[in-house]
Amino acid sequence: MTTDTELSPDSAQLLEVFKALANPVRLQVLRWLRDPEKHFPVEQGIADPYEVGVCVSHIQGKLGLAQSTVSAYLAALERAGLVRSTRVGKWTHYRRDEANIARIVAVLGDSL
């Protein structure tokens, strides 16, 4: 049996997605970002949660974790292509990358 250790770009991205979603906190954040108005205080936001995203401070507040931990979790989700970040002033906002999530689901369906 031979093994191919070269990963295609799609396979490499799937591995990043699996790693990101293997952490239950990151998975929960991605679920919350699916419906940000339901899970985050929209009235306190300075931007549209669907168009720009949810401020990292609101995500941190809901999780009750250190800012550095939350930032590392969100960076992993962003590397995997599941979320996008946008700077608004001194704050960073995160939202789901629905187009890329759909592409990842299609790649997963074709790969397995």
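Presented here is a report on the structure given in the accompanying data block. (Residues numbered from 1 in each chain as written. Predicted model: local features only at pLDDT ≥ 70, side-chain atom pairs only at ≥ 80, totals over all residues. Heavy atoms only, no water.)

Attention now moves to the pattern of salt bridges. In this structure the tally under the stated criterion is three salt bridges. One salt bridge in this structure joins Glu16 and Lys19, with 3.2 Å as the shortest N-O distance. Taken together, the residues span about one helical turn, with Glu16 and Lys19 both in helix α1 (residues 9-21) at a distance of three residues. You can call Glu16 partly exposed: its relative accessible area is 25%. Its salt-bridge partner being Asp97, residue Arg84 comes within 2.9 Å of it at the nearest N-O pair. With Arg84 in strand β2 (residues 83-88) and Asp97 in the loop between β3 (91-96) and α6 (98-111), the pair connects residues that are 13 residues apart, well separated along the chain. Classification of Arg84 as partly exposed rests on a relative accessible area of 43%. (Salt bridge = Lys/Arg side-chain N within 4 Å of Asp/Glu carboxyl O. Helix = DSSP H or I, 4+ residues; strand = E, 2+ residues; numbered from the N terminus. Buried < 20%, exposed > 50% of the residue type's maximum accessible area, 1.4 Å probe, protein only.)

Take the nonpolar core next. Of all hydrophobic cores here, the largest spans 21 residues; its most connected members are Val29, Leu33, Ile59, Leu74, Leu77, Leu82 and Tyr94. By residue number, the principal contributor to this core is helix α2 (residues 24-34), which donates four residues. Excluding its chain neighbours within four sequence positions, the residues that come into contact with Leu33 are Phe40, Val54, Ile59, Val83, Tyr94 and Arg96. (Core = buried A, V, L, I, M, F, W, Y, C linked by side-chain atoms within 4.5 Å. Contact = heavy atoms within 4.5 Å.)

As a further point, take the sheet that holds β3. In space, the three strands of this open sheet follow the order β1-β3-β2, with antiparallel pairing throughout. The open sheet has two free edges, formed respectively by β1 (54-55) and β2, since each of these has just one partner strand. Of the strand pairs in this sheet, β2 and β3 are connected by six bridges, and their pairing is antiparallel. Counted as the bridge partner of Thr86 is His93 from β3. (Pairing = 2+ DSSP bridges.)

What follows concerns the pairing of β3. Here is the key point about a regular strand: its side chains alternate between the two faces of the sheet. Inspection of the sheet shows β1 paired to β3 by two bridges, in the antiparallel sense. From the neighbouring strand, Val54 faces β3, where its bridge partner is Tyr94. The antiparallel pairing of β2 with β3 creates a hairpin that spans two residues between the two strands, and Gly89 there sits at a positive phi of about 65°.

As a further point, take the side chain of Asn100. Within the secondary structure layout, Asn100 lies in helix α6. In contact with Asn100, not counting residues within four places along its chain, are Gln13, Ala80 and Gly81.

Right, let's talk about the side chain of Thr92 for a bit. Position of Thr92 among the secondary structure elements: in strand β3. Apart from the residues within four sequence positions on either side, Thr92 is in contact with Val54, Cys55, Val56, Ser85, Thr86 and Arg87.

This part covers the packing of aromatic side chains. In this description, a pair of aromatic rings is defined by centroid distance and the angle of the planes. In the structure shown here, the tally under the stated rule is one aromatic pair. When the ring of Trp32 is compared with that of Phe40, the centres are 6.0 Å apart and the planes differ by 85°; the resulting orientation is edge-to-face. For Phe40, a relative accessible area of 6% corresponds to the buried category. Between the NZ or CZ atom of Lys62 and the centre of the ring of Trp32, over which it lies, the distance is 4.9 Å. (Phe/Tyr/Trp six-rings, centres within 6.5 Å; stacked < 30°, edge-to-face > 60°. Lys NZ or Arg CZ within 6 Å of the ring centre and 35° of its normal.)

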